[in-house]
2 protein chains.
Amino acid sequence: MSSGAEPRERGGTPTLASIAAKVGVSINTVSRAIRAPKTVRPELRRQIAEAMDELNYVPNRLAGGLSGTRSDIVGVVVTSLYYSEFASIIDTLQSALLKDNLQVMLANTRYDPDQEITLVRSILSWRPAAVAIIGVDHPAKVTELLKSSGVPVIEMWDVGGGIIDSAVGMDHEGAGKAQAQHIIACGYRHLAFLGSMRENDMRARKRARGAASAIAAAGLPDLVHSVRQEGGRPALGEELVHELLDHHPQIDGIICNSDVVAFGVLKALHERGRKVPDDIGVIGFGDSEAANYVTPSLSTIRPGRHRIGELTAELIVARINGEEPRTDVVDWELIARNSTRPSRSPNR
Amino acid sequence: MSSGAEPRERGGTPTLASIAAKVGVSINTVSRAIRAPKTVRPELRRQIAEAMDELNYVPNRLAGGLSGTRSDIVGVVVTSLYYSEFASIIDTLQSALLKDNLQVMLANTRYDPDQEITLVRSILSWRPAAVAIIGVDHPAKVTELLKSSGVPVIEMWDVGGGIIDSAVGMDHEGAGKAQAQHIIACGYRHLAFLGSMRENDMRARKRARGAASAIAAAGLPDLVHSVRQEGGRPALGEELVHELLDHHPQIDGIICNSDVVAFGVLKALHERGRKVPDDIGVIGFGDSEAANYVTPSLSTIRPGRHRIGELTAELIVARINGEEPRTDVVDWELIARNSTRPSRSPNR
DNA sequence: CGGCCCTGACCCGAGTTTGGG
DNA sequence: TCCCAAACTCGGGTCAGGGCC
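Analysis parameters
Residues numbered from 1 in each chain as written. Chains lettered and ligands numbered in written order. Predicted model: local features only at pLDDT ≥ 70, side-chain atom pairs only at ≥ 80, totals over all residues. Heavy atoms only, no water. Least-squares fit on C-alpha atoms with pLDDT ≥ 70 in both. Contact = heavy atoms within 4.5 Å. Pairing = 2+ DSSP bridges. Helix = DSSP H or I, 4+ residues; strand = E, 2+ residues; numbered from the N terminus. Axes fitted to C-alpha atoms, helices over the stretch in contact; angles between N-to-C directions. Buried area = accessible area lost by both parts, 1.4 Å probe. Salt bridge = Lys/Arg side-chain N within 4 Å of Asp/Glu carboxyl O. Polar contact = N/O pair within 3.5 Å; in protein donor to acceptor, adjacent residues only side chain to side chain. Near = heavy atom within 4 Å. Nonpolar A, V, L, I, M, F, W, Y, C, P; charged D, E, K, R; others polar. Buried < 20%, exposed > 50% of the residue type's maximum accessible area, 1.4 Å probe, protein only. Phe/Tyr/Trp six-rings, centres within 6.5 Å; stacked < 30°, edge-to-face > 60°. Lys NZ or Arg CZ within 6 Å of the ring centre and 35° of its normal.

Let us now look at the relation of the copies chain A and chain B. Mapping chain A onto chain B calls for a screw motion: a turn of 180° about the axis and a shift of 0.0 Å along it, with 0.1 Å RMSD after fitting. Such a combination of rotation and displacement between the chain copies is what one expects of a two-fold axis. The share of interface residues of chain A whose copies in chain B are also at the interface is 100%, consistent with both copies meeting through the same surface.

Now the structure itself:
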């Protein structure tokens, strides 16, 4: 127990051969007893099961995957994990995959494209049965690797553009447009887009673009951007609001790129004495667990996180079983709370 | 691209043999070119690298793991993922393991002991180089499987009791005691413990026990429990507060089992017209990102999540390299904010 | 003779060892 | 000495076939 120095103690872990020797049958019979129990006599089967239990036998799936059909690994590549939507997606996804005995192998790129290439290569080296990856915009090498691997690929969270194989996501540009339309419908006129905007977060860019187009369509002054190339945190929201209002005091509506940033925005506005929602409106994105519990409660967009995880799992299994690739678009929902004035026009 | 039906297209994925054939050398020269470049002529090496790139060669680590020394997989078993501390731990852990080319294989038990047995067995079937698992209290079969596997095991989050191999965690009983001591120091006298308390969440039980002992030591009335066997959500906090105050109107201090539950508690207290922190004090656990942004801001315990992830990664690498098992205790910190009155006595 | 139950031989793809030019 | 190749290893899947009732 004490030393992990030896690579693996010779003969330490039991194999099919250990069981076979113990029961007095061939390796092959033991193998069949596991994979196709009906082909083995019940009495023998019982003895084998007993021996396996006694020796704490655990099959070596590396060996199984090598020789065989599939590896039962699903590679999951996300761009962030903490303070992010993706923890929820992974949660749902992995528990759905459990039914099919598929194991999740996790990688987190942290929005670094070089890291993404490395990690995708690394995931592929385990010969996964499928790969689920956040986003539809990847470095060319990633697309090439995934395509040439022949493995089913499900792109998650976003949709649109050139899908590698299959996709399950939402329309981010539409969501950004809806954020702006809601805040316009509430009577705010001088709008800003605020939050984290990392270079490779295409979803954030799409939402900003959607918001800008809605504002142009409404004939309002141009959307002011107050963004920074770093992850979203509440403190970032505070900093950006101060910066924003120092330069653009006329702003009366803030479209946030995420709820966590909006939390900081609400706090900073309170400190500056700007009343929400009377003087200024705020809308978030994500519907985080605390959105309904800050003061005032936060209007936001609720993406179908759970649904995305579920559908991705379904699609993975379908693709493994040879069904055709497809793209599923998941709905989001606008949740109007108290950080925006009541609007007359219907949501969405 | 369209059909995933065939197990794996014969000859589809390039192997060492494909490269060897293309360049006109033996398989094993290619293998050496990868693992020990110095043993291969530079010119040949260049040709091989070229061929690998052209064919999008990705080594098969199943095969590597089978034949060899290690599998480079680290199994990570958590009890929950969404709305939990563990997303952060996994985040840190996996990015630290990246440096050593170790891949995270993820499993989520959702506090189900049967699931835990299944998942640990499943993880072990991949012959991981190490296993990191939440908690120190496991079903007997899990302990047995892990012990007999001979794989280094790092138990995370909690410490104390019979450690299987190594552990990195915090003292939950001490944290619970500190929650109570703080709230007592702030002058509250009639205390309740409130939140999620799943049967197999031993950490929650330990914190409750710690709180109870601090209260007994202070000679105050017994801790009132208002808990339920389900996951923590803000709405649960709301429900439990109403239930609690209907039966125990004298309560003037609430110790919450998690911040998300505390968010609901604050809201419900506001609705009932009980002033926080004047009439009643509230303390959370976890220091979630929103804790400083609800109204009033939430006093809480900040566990060393990041540190736990880091130390676990370090310990995994150390154990793989044959260093001795050890147990690291990570500090937590009491963060006093505005949901409790200012206290005279020093924290902790 | 047919079906049931079992076995031997070979395969997967890379790591490792040995020995030879 | 440097570079390379053949042969064998890991553990289980697969296929063809054999003995027995």
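Another point: the sheet that holds strand S6 (residues 191–196) of chain B. Residue and element names in this part refer to chain B. Here 4 strands make up an open sheet; going across it, the order is S7-S6-S8-S9 and the pairing parallel. The open sheet terminates on both sides in strands that have one partner only, identified here as strand S7 (224–228) and strand S9 (281–283). Strand-to-strand twist across the sheet, computed as the mean angle between neighbouring axes with direction ignored, equals 15°. With 3 bridges joining them, strand S8 (residues 253–256) and S9 adopt parallel strand pairing. From the neighbouring strand, Ile254 faces S9, where its bridge partner is Val282.

Further remarks concern the interface of chain A and chain B. Each partner contributes to the interface: chain A provides 80 residues, whereas chain B provides 80 residues. The junction of chain A with chain B conceals about 7,200 Å² of combined surface from both sides, 55% of it contributed by carbon and sulfur atoms. Three residues, Arg127, Glu289 and Tyr293 of chain A, lead the burial of chain A against chain B; their summed loss comes to 11% of the area buried on that side. For the pair chain A and chain B, the number of links is 4 salt bridges. One salt bridge in this structure joins Arg110 of chain B and Asp91 of chain A, with 2.4 Å as the shortest N-O distance. Linking chain A to chain B there are 33 residue pairs in polar contact (both at pLDDT 80 or more). Breaking the side of chain A that touches chain B down by element, the ones donating at least two residues are helix H4 (61–67), helix H5 (86–98), strand S2 (103–108), helix H6 (113–124), helix H7 (140–149), helix H10 (234–247), helix H11 (259–271) and helix H12 (305–320) of chain A. Sorting elements by how many residues they give to the side of chain A that touches chain B places H5 of chain A first, with 8 residues.

Once that is clear, we can look at the environment of Ala21 of chain A. Note on placement: Ala21 of chain A falls in helix H1 (residues 16–23). Sequence-wise, Ala21 of chain A and Leu298 of chain A are 277 residues apart; in three dimensions their C-alpha atoms are separated by 66 Å.

Taken together, 23 residues surround DNA strand D, and among them Leu16 and Ser67 of chain A together with Ser26, Asn28 and Leu44 of chain B come closest. Between a phosphate oxygen of DNA strand D and a main-chain N or O atom of Asn60 of chain A, the distance comes to 3.3 Å. Thr29 of chain B places a side-chain nitrogen or oxygen 2.7 Å from a phosphate oxygen of DNA strand D. Its residues assigned to classes, the surface near DNA strand D comprises 9 nonpolar, 10 polar and 4 charged.

So, on to the pairing of S6 of chain B. All names here are of chain B. The element S6 is extensively covered by neighbouring structure, given that 6 of its 6 residues are classed as buried. Bridge count for S6 against S8 is 4 bridges, and the pairing is parallel. Within S8, the residue paired with Leu191 across the bridge is Gly253. As judged from the 5 bridges shared by S6 and S7, these two strands associate in the parallel manner. Looking at the pairing, Gly195 lines up with Val227 of S7.

Residues and elements named next belong to chain A. Across the sheet, which stays open at both edges, the 4 strands sit in the order S7-S6-S8-S9 with parallel pairing between neighbours. A strand with exactly one partner marks an edge of an open sheet, and here the two such strands are strand S7 (224–228) and strand S9 (281–283). Within the sheet, the average angular offset between the axes of one strand and its neighbour, ignoring direction, is 15°. Against the sheet, helix H9 (residues 202–217) engages strand S6 (191–196), S7 and strand S8 (253–256), with an angle of about 180° to S6.

Enumeration according to the criterion identifies 4 aromatic pairs over all chains in this entry. An angle of 85° between the planes, with centres 5.6 Å apart, marks the rings of Phe86 of chain A and Trp157 of chain A as edge-to-face. Taken as a pair, Phe86 of chain A in helix H5 and Trp157 of chain A in strand S4 (residues 153–158) lie far apart in primary sequence, 71 residues in all. This pair shows no difference in class: Phe86 of chain A is buried, exactly as Trp157 of chain A is. Where Trp157 of chain B meets Phe285 of chain B, the ring centres are 6.4 Å apart and the plane angle is 70°; that geometry is what we call edge-to-face. Residue Trp157 of chain B is located in strand S4 (residues 153–158), and its partner Phe285 of chain B is located in the loop between S9 and strand S10 (300–303); the two are separated by 128 residues in the primary sequence. With respect to class, Trp157 of chain B is no different from Phe285 of chain B; both count as buried. Here the aromatic residues Phe86, Trp157 and Phe285 of chain A are joined through ring pairs into a cluster of three or more. Positioned over the ring face of Tyr293 of chain B is Lys267 of chain A, at 5.2 Å from the centre of the ring.

Here the focus is unusual backbone geometry. The linkage connecting Val276 of chain A with the following residue, Pro277 of chain A, adopts the cis geometry, with an omega of 10°. Within the element layout of this structure, Pro277 of chain A appears in the loop between H11 and S9. One non-glycine residue with positive phi stands out, namely Tyr111 of chain A, at about 60°. Relative to the assigned elements, Tyr111 of chain A resides in the loop between S2 and H6. The exposure class of Tyr111 of chain A is buried, given its relative accessible area of 11%. The phi torsion at Asn101 of chain B lies on the positive side, around 65°, for a residue other than glycine.

Residues and elements named next belong to chain B. When you line up the elements, Val159 lands in the loop between S4 and strand S5 (166–170). By relative accessible area, which is 15% here, Val159 ends up buried. Placed 26 residues apart in sequence, Val159 and Ile133 show a C-alpha to C-alpha distance of 12 Å. Excluding residues within four positions of it along the chain, Val159 makes contact with Val136, Ala167, Val168, Gly169, Met170, Lys206, Thr327, Asp328 and Val329.

Let's shift gears to the protein's contact with DNA strand C. The local shell around DNA strand C holds 24 residues, among which Asn28, Thr29, Arg41 and Leu44 of chain A together with Leu16 of chain B are the closest. Atoms of DNA strand C within 4 Å of the protein belong to the sugar or the phosphate in 70% of instances, the rest to bases. At 2.5 Å, a side-chain N or O of Arg41 of chain A approaches a phosphate oxygen of DNA strand C. A distance of 3.1 Å separates a base oxygen of DNA strand C from a polar side-chain atom of Asn28 of chain B. If you list the elements that add at least two residues to the surface near DNA strand C, you get helix H2 (27–35) and H4 of chain A together with helix H2 (27–35) and helix H4 (61–67) of chain B. Taken together, the residues of the surface near DNA strand C sort by class into 9 nonpolar, 11 polar and 4 charged.

Okay, the side chain of Ser88 of chain B next. Tracing the backbone through its elements, the reader meets Ser88 of chain B in helix H5 (residues 86–98). The exposure class assigned to Ser88 of chain B is buried, which follows from its relative accessible area of 5%. Not counting the four nearest positions on each side in its chain, Ser88 of chain B is found in contact with Tyr82 of chain A together with Arg305 of chain B.

In short, the description is geometric, and any link to function would need to be established separately.
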